[in-house]
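Chain by chain, the residues:
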Amino acid sequence: MERIIPILEQETNLPVKPFGIDSLDECIVYTMVPQTDDGAVQTWRLELRLITKTLARADELKTKILSALVNKGDSQKINGILNCELNGGGCMEDPNGTIHTLMYLYITEKSEVK
């Protein structure tokens, strides 16, 4: 999963931080939540919060992220990631006028369990 963070930083030119931030600067905050692991494959939910000044900027970043990560057909965009799909999210504006766009990506990769 660690190989996804540099891709997000490269595609968006924004800092990508785990869990949370203390500022109102544009960034991406992520949380990785394990879902399943049967010894052959494991599934993670990558929760992304895009923090932006405008909805247009959030939509621009969302498009870049989906283009970089989400598989089309049988192709693999990232070595070792078997599948990546968007499965939920939303958008809200905080009292400061900052836009928070949520994206839930489900990622399937080979299991690390031996």
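Higher on the page you've got the structure.
It should be emphasised that the depicted structure is a prediction, and the values quoted were computed from it without experimental measurement.

Some details on the overall build of the protein
When helices and strands are counted, the protein shows 2 helices and 5 strands. Along the chain direction, N to C, the helices and strands of the protein fall in the order α-β-β-β-α-β-β. Rg of the C-alpha trace for the protein: 14 Å, near the compact-globule value of 13 Å for 114 residues, within the 12% margin. Scored against the burial criterion, the 114 residues of the protein give a buried share of 38%. Here the analysis covers contacts within the protein between residues at least 6 apart in sequence; of these, 53% occur between residues at least 24 apart. Approximately 6500 Å² of the protein is accessible, and the part contributed by carbon and sulfur atoms is 50%. For the protein, the separation between the mean place of its 12 positive charges and that of its 17 negative charges on side chains is 3 Å.

Considering unusual backbone geometry
Its identity as a non-glycine residue notwithstanding, Asn 13 has a phi of 55°, on the positive side. Structurally, Asn 13 is set in the loop between α1 (4–12) and β1 (16–18).

Brief notes about the nonpolar core
Ranked by internal contacts, the top residues of the largest apolar core, which has 20 residues, are Ile 4, Leu 8, Leu 48, Ile 65, Leu 69 and Leu 105. Elements with a contribution of two residues or more to this core: α1, β2 (27–37), β3 (41–52), α2 (55–69), β4 (81–93) and β5 (99–110).

Conventions we followed
- Residues numbered from 1 in each chain as written.
- Predicted model: local features only at pLDDT ≥ 70, side-chain atom pairs only at ≥ 80, totals over all residues.
- Heavy atoms only, no water.
- Helix = DSSP H or I, 4+ residues; strand = E, 2+ residues; numbered from the N terminus.
- Rg over C-alpha atoms; globule rule 2.2 N^0.38 Å.
- Buried < 20%, exposed > 50% of the residue type's maximum accessible area, 1.4 Å probe, protein only.
- Contact = heavy atoms within 4.5 Å.
- Areas by Shrake-Rupley, 256 points an atom, 1.4 Å probe, with all protein chains shown as cover.
- Lys, Arg positive; Asp, Glu negative; His and termini not counted.
- Charge placed at Lys NZ, Arg CZ, Asp CG, Glu CD.
- Core = buried A, V, L, I, M, F, W, Y, C linked by side-chain atoms within 4.5 Å.

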